[in-house]
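Survey of secondary and tertiary structure
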Amino acid sequence: MLELLNINKTFNAGTVDEKRLFSDFCLKLNEGEFVAVIGSNGSGKTTMLNIISGSMAADSGSVLLDGTEISGMKAFKRAMRIGRVFQDPALGTCPSMTIWENMSIADNKGKSFGLSFGLNRARKDFYRSRLEILGMGLEDRLDTTAGTLSGGQRQALALIMATLVRPDLLLLDEHTAALDPKAADIVMQLTDKIVSEKKITSLMVTHNLRYAVEYGTRTIMMHDGGIVLDSAGEERANKGIDDYLKIFNEISIETGN
Ligand SMILES: Nc1ncnc2c1ncn2[C@@H]1O[C@H](COP(=O)(O)OP(=O)(O)O)[C@@H](O)[C@H]1O
Ligand SMILES: [Mg+2]
């Protein structure tokens, strides 16, 4: 359903800081896959998500969504089909708006109606029902501004917002990394619940190897702009944290860092 074909990306081309990240990078995701992406800092995980979402352009190559070339499509247009949750809880929700207003904006994604469109009883009940699955009591706090919520609550809300209108593809960029371990686990479980319930094809970058082992259907490890491991099915089920750590160590010995 998603295909990255021969993606090339060089930063600061022609300067002393030139950095060639992707050389003919390819990745194919099948419908319904929940892919955990791991890899050292600077391996290109965020850049890959940026190229998919359109917040950054590749130098060349194709991005196909359900067979349609979207590389030339503006990020805001792609956002109608691609949901995204970032590491920073402040990026997924608007702090000065209430939970209710935030959800209304997410609900009206891609539509040209204003906020008032969402302001009716049935919508409010629907938002409450979505918030209830979080088990955080947010359904009774619709008039609370998002900025006053804890980091975990904001990420949970951001997740609900990114999936309120079911996206074809969900991109998660270390969305639990800024949370304390307990909140991170709660948001990870919620992610799994929403992704499974709505059967959303998802690409989840995570720093947490346990999540990459316990959640999802496929694991990809990136290093230096390339995919060094791609595992699914039974082979993946037999892999534990130690196996991934071993590969990380081998890579760092090979590259001397
Ligand atoms: N806007 C940018 N300008 C210059 N270099 C960048 C930029 N974005 C990313 N890079 C470089 O590309 C590499 C990959 O970055 P990134 O995709 O953020 O890695 P990751 O998310 O895996 O940690 C890094 O070496 C980083 O310095
Ligand atoms: Mg990153």
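Below is a short write-up of the structure. Since the model is a prediction, treat every value here as computed from it, not as a measurement. (Residues numbered from 1 in each chain as written. Chains lettered and ligands numbered in written order. Predicted model: local features only at pLDDT ≥ 70, side-chain atom pairs only at ≥ 80, totals over all residues.)

This brings us to the overall build of the protein. The secondary structure content of the protein amounts to 10 helices and 10 strands. In summary, the protein has a C-alpha radius of gyration of 19 Å against a globular reference of 18 Å for 257 residues, a match within 12%. Reported as C-alpha extents along the three principal axes, the dimensions of the protein are approximately 60 × 40 × 35 Å. The burial tally for the protein puts 36% of its 257 residues in the buried class. In the protein, the share of contacts with a sequence separation of at least 24, taken over all contacts with a separation of at least 6, comes to 70%. (Helix = DSSP H or I, 4+ residues; strand = E, 2+ residues; numbered from the N terminus. Rg over C-alpha atoms; globule rule 2.2 N^0.38 Å. Buried ≥ 20, exposed ≤ 12 C-beta atoms within 10 Å, placed from the backbone. Contact = placed C-beta atoms within 7 Å.)

Turning to the pairing of strand β4 (residues 60–65), a few remarks are in order. Two strands pair when backbone bridges link them, and strand β1 (residues 2–11) and β4 are joined in this way by five bridges, in the antiparallel orientation. Looking across to β4, one finds that L4 is bridged to V63. Direction of pairing for β4 relative to strand β5 (residues 68–69): antiparallel, over a ladder of two bridges. If you follow L64 over to β5, its bridge partner there is E69. If you look at the hairpin formed by β4 and β5, you'll find two residues sitting between the two strands, and D66 has a positive phi there, around 50°. (Pairing = 2+ DSSP bridges.)

Let's shift gears to the site of ligand 1. In the region of ligand 1, the neighbouring residues are F11, N12, K19, L21, G39, N41, G42, S43, G44, K45, T46 and T47. Those elements giving two or more residues to the shell around ligand 1 turn out to be β2 (19–29) and α1 (45–53). In terms of residue count, α1 provides more of the shell around ligand 1 than any other element does, three residues in total. Split into classes, the residues belonging to the shell around ligand 1 amount to two nonpolar, eight polar and two charged. (Near = placed C-beta within 6 Å. Nonpolar A, V, L, I, M, F, W, Y, C, P; charged D, E, K, R; others polar.)

In this model, helix α6 (residues 151–164) (14 residues) spans 20 Å end to end at C-alpha, consistent with the 20 Å of a helix rising 1.5 Å per residue. Burial of α6 is extensive: 13 of the 14 residues sit out of reach of the surface. (Expected span 1.5 Å × (residues − 1).)

Spatially, four strands are ordered β2-β1-β4-β5 in an open sheet, and the strand pairing comes out antiparallel. Among the strands making up the open sheet, the edge pair consists of β2 and β5. Those strands touched by α1 are β1, β2 and β4, and its axis lies near 115° from that of β1. (Axes fitted to C-alpha atoms, helices over the stretch in contact; angles between N-to-C directions.)

Axis separation between helix α4 (residues 99–107) and α6 bottoms out at 8 Å; the angle between their running directions is 30°. By the criterion of interaxial angle, the relationship of α4 to α6 is roughly parallel. Relative to α6, α4 is oriented so that their crossing is right-handed. Here α4 contributes I99, N102, M103, A106 and D107 to the contact with α6, which in turn contributes L157, M161 and L164. Looking at the contact of α4 with α6 residue by residue, the classes come out as six nonpolar, one polar and one charged. (Parallel < 35°, antiparallel > 145°, perpendicular 65-115°, else oblique. Left-handed = near helix turned anticlockwise from the far one by under 90°.)

In this structure, D24 takes a positive phi of about 50° despite not being glycine. Relative to the helices and strands, D24 is located in strand β2. We classify D24 as exposed; it has 11 C-beta atoms within 10 Å. With a phi angle near 50°, D224 is a residue other than glycine that sits in the positive phi range. Along the chain, D224 turns up in the loop between β9 (218–223) and β10 (226–232).

This part covers the environment of T176. As for its position among the elements, T176 is in the loop between β7 (169–173) and α7 (181–198). A count of 25 C-beta atoms within 10 Å places T176 in the buried class. When the C-alpha positions of T176 and V16 are compared, they lie 35 Å apart, and in sequence the two are 160 residues distant. Setting aside chain neighbours within four positions, we find T176 in contact with A184, V187, M188 and N208.

Another point: the packing of α6 against α7. It is the contact of α6 with α7, at a shortest axis distance of 9 Å, that shows an interaxial angle of 10°. With respect to their mutual orientation, α6 and α7 come out roughly parallel. For the pair α6 and α7, contact is made by G151, G152, Q155, A156, L159 and T163 and by A183, I186, V187, L190, T191, I194 and K198, respectively. Residues that form the contact of α6 with α7 fall into these classes: seven nonpolar, five polar and one charged.

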